[in-house]
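These are the residues of each chain, in order.
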Amino acid sequence: NNMNKFLEKLGPLSGSEASRLPRDPVGMRQQLQEELEEVRARLQPYMAEAHELVGWNLEGLRQQLKPYTMDLMQQVALRVQELQEKLRVVGEDTKAQLLGGVGEARALLQELQSSVVHHTGRFKELFHPYAESLVSGIGRHVQELHRSVAPHAPASPARLSRCVQVLSRKLTLKAKALHAGIQQNLDQLREELSRAFAGTGAEQGAGLDPQMLSEEVRQRLQAFRQDTYLQIAAFTRAIDQETEEVQQQLAPPPPGHSAFTPEFGQMDSDKALSKLQA
């Protein structure tokens, strides 16, 4: 109601009636600034409340998606530990094989290479459901967000729907890219470990150090885990950034001061009216 009354006051400024009004640019600017400040002051509590309510719902979305990313990290840690145990090469039996004849060393290294291929492939298969769960969870929880934000967002239903669709699409694409990135990390890990077990020393019957080989395996696995953790952390930051952007679009915080005040001196009454109505 207050906004309607304010715009009614501005109505005579446009059209033929404007020509019948006394010309007082300074007084006009001052009156417009006073009227705008009153409207801004009255709207500020509602804008602040809407900003807080929309932000609260977006924080709920972030908390709903957090368990999915935690599951991804836990699976990475678990599978890396499994690989470490399966590929352990420091032991009395493996030392004897590596330091024994060429045939024994070659047989052990080929066995380890086969184990790398098998277990990295199993890693991919076991990890896939968790990545799929993240993608489906994004779609489901973003739709829940749409329903929960609708009563609070000042934006129109059409604008709200567009923002939610864009958010869902962006997060889904980022989740799929994360999955693809982890798959690439696994492919790289498989290649690196396979090269480590190629062992030219086995062809020569000497020169292979079991301790150094075991340390290289450990370092490769730790590098894979660290790189994958960083990718998951970057995805989590992307969730925060995208949801903060949605909050700005749907319910921006109230301005600390009028954005129109410094502009009145440089615009005519038609432009000022257009700005105020907006």
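This text follows the structure it describes.
Parameters at a glance
- Residues numbered from 1 in each chain as written.
- Predicted model: local features only at pLDDT ≥ 70, side-chain atom pairs only at ≥ 80, totals over all residues.
- Heavy atoms only, no water.
- Helix = DSSP H or I, 4+ residues; strand = E, 2+ residues; numbered from the N terminus.
- Buried < 20%, exposed > 50% of the residue type's maximum accessible area, 1.4 Å probe, protein only.
- Contact = heavy atoms within 4.5 Å.
- Salt bridge = Lys/Arg side-chain N within 4 Å of Asp/Glu carboxyl O.
- Core = buried A, V, L, I, M, F, W, Y, C linked by side-chain atoms within 4.5 Å.
- Phe/Tyr/Trp six-rings, centres within 6.5 Å; stacked < 30°, edge-to-face > 60°.

**Regarding the overall build of the chain**
Piece 1. From N to C terminus, the chain includes 8 helices and 0 strands.
Piece 2. Along the chain, from the amino end to the carboxyl end, the secondary structure elements read α-α-α-α-α-α-α-α.
Piece 3. Split into buried and exposed, the 278 residues of the chain put 37% on the buried side.
Piece 4. Sequence separation of 24 or more characterises 87% of the internal contacts of the chain that already satisfy a separation of 6 or more.

**Points about the pattern of salt bridges**
Piece 1. All told, the structure shown has 11 salt bridges when counted by the stated rule.
Piece 2. With its nearest N and O atoms 3.3 Å apart, the salt bridge here joins Glu 82 to Arg 122. With Glu 82 in helix H2 (residues 25-86) and Arg 122 in helix H4 (residues 102-149), this pair connects stretches of sequence that are 40 residues apart.
Piece 3. Assessed through its relative accessible area of 36%, Arg 122 is described here as partly exposed.
Piece 4. Its salt-bridge partner being Arg 218, residue Glu 215 comes within 2.7 Å of it at the nearest N-O pair. In this pair, Glu 215 and Arg 218 are both assigned in helix H7 (residues 210-250), 3 residues apart and thus about one turn of the helix distant.
Piece 5. Where salt bridges share partners, they join Glu 59, Arg 62 and Asp 240 into one cluster.

**Description of the environment of Asp 227**
Piece 1. Following the sequence through the fold, Asp 227 ends up in helix H7.
Piece 2. The exposure class assigned to Asp 227 is partly exposed, which follows from its relative accessible area of 41%.
Piece 3. Residues Asp 227 and Ile 182, spaced 45 residues apart in sequence, show a C-alpha to C-alpha distance of 8.8 Å.

**Observations concerning the environment of Pro 252**
Piece 1. Its location among the elements puts Pro 252 in the loop between H7 and helix H8 (269-277).
Piece 2. Given a relative accessible area of 36%, Pro 252 falls into the partly exposed group.
Piece 3. The sequence separation of Pro 252 and His 51 amounts to 201 residues, and the corresponding C-alpha distance is 6.0 Å.

**Quick notes on the nonpolar core**
Piece 1. Counting residues in hydrophobic clusters, the biggest one holds 48 residues, and the most contacted among them are Leu 134, Ile 138, Phe 197 and Leu 250.
Piece 2. Contributing elements (two or more residues each) for this core: H2, H4, helix H5 (157-196) and H7.
Piece 3. When neighbours within four sequence positions are excluded, Leu 250 is seen to be in contact with Val 54, Val 149, Ala 153, Pro 154, Ala 155, Leu 160 and Cys 163.

**Observations regarding the side chain of Arg 79**
Piece 1. Topologically, Arg 79 is positioned in helix H2.
Piece 2. The class for Arg 79 is buried, based on a relative accessible area of 12%.
Piece 3. Not counting chain neighbours up to four residues away, the residues in contact with Arg 79 comprise Arg 122, Phe 123 and Leu 126.

**Brief notes about the packing of aromatic side chains**
Piece 1. Considering all chains together, one arrives at 2 aromatic pairs under this definition.
Piece 2. By way of ring pairs, the aromatic residues Phe 123, Phe 127 and Phe 224 are connected into one cluster.

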